[in-house]
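Structural features, examined
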Amino acid sequence: MADGEEEVRKKNLQTSYFDVVGICCSMEVPLVGDVLRPLNGVKEFSVIVPSRTVIVVHDTFLISPLQIVKALNEARLEASVRPYGETSFKNQWPSPFALVSGVLLALSFLKYFYSLLVWFAVVAVVAGIYPILAKAVASTTRFRLDINALTLIAVIATVCMEDYTEAATIVFLFSVADWLESSAAHKARTVMSSLMSLAPRKAVIAETGIEVDVDEVGLNTVVSVKAGESIPIDGVVVDGSCDVDEKTLTGESFPVSKQRDSPVLAATINLNGYIKLKTTVLARDCVVAKMTRLVEEAQKSQTQTQRFIDKCSSYYTPAVVVVAACFALIPVLLKVHNLSHWFHLALVVLVSGCPCGLILSTPVATFCALTKAATSGFLIKTGDCLETLAKVKIAAFDKTGTITKAEFTVSDFTSLSPNVNLQSLVYWVSSIESKSSHPMAQALIDYARSVSIEPKPDMVENFQNFPGEGVYGRIDSQDIYIGNKRIAQRAGCLTGLKTFFPEMKGGKTIGYIYIGEALTGSFSLVDGCRHGVAQALKELKSLGITTAMLTGDNRDAALSIQEQLGNALDIVHTELLPQDKARIIDDFKSQGPTMMVGDGLNDAPALAKADIGISMGISGSALATETGDIILMSNDLRKIPKGMRLARRSHKKVIENVVLSVSIKGAIMVLGFAGYPMIWAAVLADAGTCLLVILNSMMLLRDEREAVSACYRASSSSTPSLVKLEEDLEVGLLQNSEETSKKSCCSGCCSGLKDTHQK
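A quick note: this is a predicted structure, and the numbers were derived from the prediction, not measured.

**Topic: the overall build of the protein chain**
Scanning the protein chain from N- to C-terminus turns up 29 helices and 26 strands. With 759 residues in all, the protein chain has 49% of them scored as buried. If you take every contact in the protein chain between residues at least 6 apart in sequence, the share linking residues at least 24 apart comes to 69%. When the accessible area of the protein chain is evaluated, it comes to approximately 35,700 Å², of which 57% is carbon and sulfur surface.

**Some words on the sheet that holds strand β13 (residues 275–279)**
Strand order in this open sheet of 6 strands is β6-β5-β7-β13-β8-β11, and the pairing throughout is antiparallel. The sheet is open, and its two edges are formed by β6 (211–213) and β11 (263–264), each paired on a single side. Both strand β5 (residues 202–205) and strand β7 (residues 222–225) contribute to a ladder of 2 bridges, which runs antiparallel. Bridge pairing in β7 links Ile 205 to Val 223.

**Notes on the sheet that holds strand β4 (residues 79–81)**
With antiparallel pairing, the 4 strands of this open sheet are ordered in space as β2-β3-β1-β4. Strand pairing shows two members of the sheet lacking a second neighbour, β2 (42–48) and β4, which therefore form its edges. Ignoring which end each strand starts from, the neighbouring axes of this sheet average 25 degrees apart. Looking at chain direction, β2 and strand β3 (residues 53–59) are connected through 6 bridges and run antiparallel.

**Comments concerning unusual backbone geometry**
In this model, Asp 261 sits at a positive phi of 75 degrees, which is unusual for a non-glycine residue. Take Asp 261: it is sitting in the loop between β10 (256–258) and β11. Among the residues examined, Asp 261 registers a relative accessible area of 59% and is labelled exposed. Of note, the phi angle at Glu 575 is positive, near 55 degrees, even though the residue is not glycine. The residue Glu 575 is located in the loop between β23 (571–573) and α22 (578–589) in this model.

**Structural notes on helix α17 (residues 439–450)**
Between the first and last C-alpha of α17 there are 17 Å, a value that for 12 residues agrees with the 16 Å anticipated at 1.5 Å per step. Along α17, the residues that are buried comprise Met 440, Ala 441, Ala 443, Leu 444, Ile 445 and Ala 448. Looking at the buried positions of α17, the neighbouring elements they touch are β16 (409–415), α16 (422–433), β20 (509–515) and β21 (518–526).

**A look at empty space enclosed by the protein**
The full count for this structure, using the stated rule, is 5 cavities of 30 Å³ or more. In this model, the largest cavity occupies a volume close to 140 Å³. What lines the largest cavity is a set of 17 residues, and nearest its centre among them are Cys 24, Ile 147, Asn 148, Phe 174 and Asp 178. Of all the elements in the fold, those that place two or more residues in the lining of the largest cavity are α7 (147–160), α8 (164–196) and α26 (679–698).

**Structural notes on the packing of helix α4 (residues 96–108) against helix α5 (residues 119–128)**
Two elements in contact, α4 and α5, have axes separated by 8 Å at closest approach and are oriented at 170 degrees. By the angle between their directions, the pair α4 and α5 is classed as roughly antiparallel. Taking contact as the criterion, the partners of Phe 97, Val 100, Ser 101, Leu 104, Leu 105, Leu 107 and Ser 108 in α4 are, on α5, Phe 120, Ala 121, Val 123, Ala 124, Ala 127 and Gly 128.

**Regarding the nonpolar core**
The nonpolar side chains of a soluble globular protein tend to be buried with one another. Among the nonpolar cores identified, the biggest contains 116 residues, and Leu 389, Met 595 and Ile 640 are the most heavily contacted of them. Take this core: its biggest share by element is 10 residues, from helix α13 (residues 356–375). Non-local contacts of Ile 640, meaning those with residues more than four positions away in its chain, are made with Phe 378, Phe 397, Leu 540, Met 595, Val 597, Ile 614 and Leu 632. Membership of the second largest hydrophobic core comes to 29 residues, among which are Ala 203, Val 225, Val 264 and Met 633.

**Some details on α13**
The end-to-end C-alpha distance of α13 is 28 Å, a good match for the 28 Å that 20 residues give at a rise of 1.5 Å each. At Thr 362, α13 is bent by approximately 30 degrees, the largest bend along its length, and proline Pro 363 sits one to four residues beyond. Phi turns positive, to about 80 degrees, at Gly 377, one or two residues after α13.

**Points about the pairing of strand β8 (residues 235–239)**
Regular strands place side chains that alternate from one sheet face to the opposite one. As paired strands, β8 and β11 are joined by 2 bridges and run antiparallel to one another. From the neighbouring strand, Val 236 faces β11, where its bridge partner is Pro 263. Where β8 meets β13, 4 bridges bridge the pair, whose relative direction is antiparallel. Bridge pairing links Gly 235 to Thr 279 in β13.

**Quick word on the confidence of the model for the protein chain**
Reading fine detail from the predicted coordinates is not recommended where pLDDT is low. Per-residue confidence for the protein chain gives a mean pLDDT of 79, with 84% of residues at or over 70. Predicted confidence for residues 498–504 stays below pLDDT 50, and this span has 9 contacts to residues more than four positions away or in other chains. Here residues 706–759 is modelled with pLDDT under 50, and outside its nearest four sequence neighbours on either side it reaches 37 contacts, counting other chains as well.

**Considerations on the side chain of Thr 151**
Take Thr 151: it is sitting in helix α7. On the basis of relative accessibility, which here comes to 0%, the residue Thr 151 falls in the buried class.

Scoring rules and cut-offs
- Residues numbered from 1 in each chain as written.
- Predicted model: local features only at pLDDT ≥ 70, side-chain atom pairs only at ≥ 80, totals over all residues.
- Heavy atoms only, no water.
- Helix = DSSP H or I, 4+ residues; strand = E, 2+ residues; numbered from the N terminus.
- Buried < 20%, exposed > 50% of the residue type's maximum accessible area, 1.4 Å probe, protein only.
- Contact = heavy atoms within 4.5 Å.
- Areas by Shrake-Rupley, 256 points an atom, 1.4 Å probe, with all protein chains shown as cover.
- Pairing = 2+ DSSP bridges.
- Axes fitted to C-alpha atoms, helices over the stretch in contact; angles between N-to-C directions.
- Expected span 1.5 Å × (residues − 1).
- 1 Å grid on protein atoms, 1.4 Å probe; cavity = no way out; pocket = protein on both sides within 12 Å on 5 of 7 lines; lining within 4 Å.
- Points joined across faces, edges and corners; volume = space filled by probe spheres on them.
- Parallel < 35°, antiparallel > 145°, perpendicular 65-115°, else oblique.
- Core = buried A, V, L, I, M, F, W, Y, C linked by side-chain atoms within 4.5 Å.
- Bend = angle between axes of the 7 residues up to and from the residue.
- pLDDT = per-residue confidence, 0-100.

This is the structure in structure tokens:
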């Protein structure tokens, strides 16, 4: 009975998103907590300050989203429910209070022609003060001092000093700046919303043609997708063929062809053709759903810099309030002349007591960088990972499946025992390898089928995987070990391999087969580098990063890859076990922050040991994906230097924001001490600094103008260049020949070639 009730409760749980315009900086987060925690039915909540978003997990049976909105609005937080995929901005214009206040303020400046018009300034204060007053009361009743309360104090004080025009100016400028800040925050929120609504909410059941909610689609359900529609859920094509645009997930520009048995992902677009696909996961477990959750978690996380600034800010505001009080009270006690000047100075200091701009310096830049990275197929799990990525000095790469395609082909397969025929050996090996997830296993299975031998994994007993060595299985009463030269020790053979190994050269990956202790066969596989790896390594070097390759493969195979890459790698380590990779990463870390890039089971210890672990998300094993701090959604390693440049730009923006926040407030204070205490300027500086910080951080959302774009002349032959050019023309990358001719190659590849020829 209890289990049934628990299941019902889980079904009633819903995650709702709220746009909360009243959130200015992290100082309002405790206020949101004070409102939501007492509500019955609210299980958990989180606040994403830069986008002014509150995410609430609640029991719909106990509390509805509208009731949550009502509670937030009682605290004057200006909350509203965000419908799924909604990105529109309601406040296209400043509030009526701000508009009326502005008109009346403008009329009050006619006081120089008719003195009684100065009272329009008082009316302007009354007309525009309500939103500020309501928020100030809501915060102070919960014993919190925010910018609204400080501004209200400044307005009341200036009115008491009969400086009505300045009071009206404060109200109007604060209201307009707050609206501009909300508009800027909305632009950042729009990008986040587009991420959250990538996957369609409906799917069409192929058998009935009925459209249903994706959450109602079960496993192994066949759904249909027409040309131009988004694929609703992850699955495998069972009928039809088409080209799919995967840019939303992987950042890849070119369509990917899909046929029968091809995997497809939710949120990708069927460009042409009609397909039926069988679902392999539920909607909540799709790649895009996991990606969304990762982005959410990353945006909720705080960086080390942000935590430090927040801690300092908690002491800053009370200290400034005390200093402001001293500037107001001490002159009164000392009975000095010109008290008005000191009161104005005290108010300038008081208004400067709100550190919103400084507090926003880090989270807004981090938010924009994480969002931009996610939309580029480069998922960074936390803000701290982003900060560490900007400091990386050494980048280590696994070979198989990372630098290389992991698309092996068998070039040789030999039986070394006269008592075992080749057909039986191929059958045993392919059957055992059918239980392995290593990329080499698939090559052996494909080879068996190419010679009309069908593997039978069900006949294999006691299968075991030895990371960095190979596999073991028992089939047809034979104990068979398959792997690299280390597997000999597992098999109990201490000879045989020594006499055979020197004959195997040429940069191929060599595999050995033991039946019991006897070396019974061998095979060799060939693999090639991924497209763009050499360019990625070159870009990393230009960023001052040392590159290394860590592989369990033999030295000849590793050096062959190094040769294919034009000796782009600085360091190559071969014949490594997983623990050896982790040990080398430890050594690298003593030289500086280290990044490890891998895709498989063997890489998990090294990924965990590195300061930053990058795993190949879609192609990589589930364990590597969980271990990595960053997930590369595609196999394009060129995204790594691009992500590092983004991380460095983000770090630079944080520094710019901090300097901007401190210098503007410092300038206002200096003006005040120099004899020009302008309260309206202090208010404008506070709200304006927040706006400038947001706008400066949003520069990260723009596409990076890379010089390393596309130079076709660097190709070694003319034919591939022509094919590439035609592909780019098809997708509209090159708009017209005249425009292209005006552009020059700035990547250095052409000049590099010219220099080489000259040499």
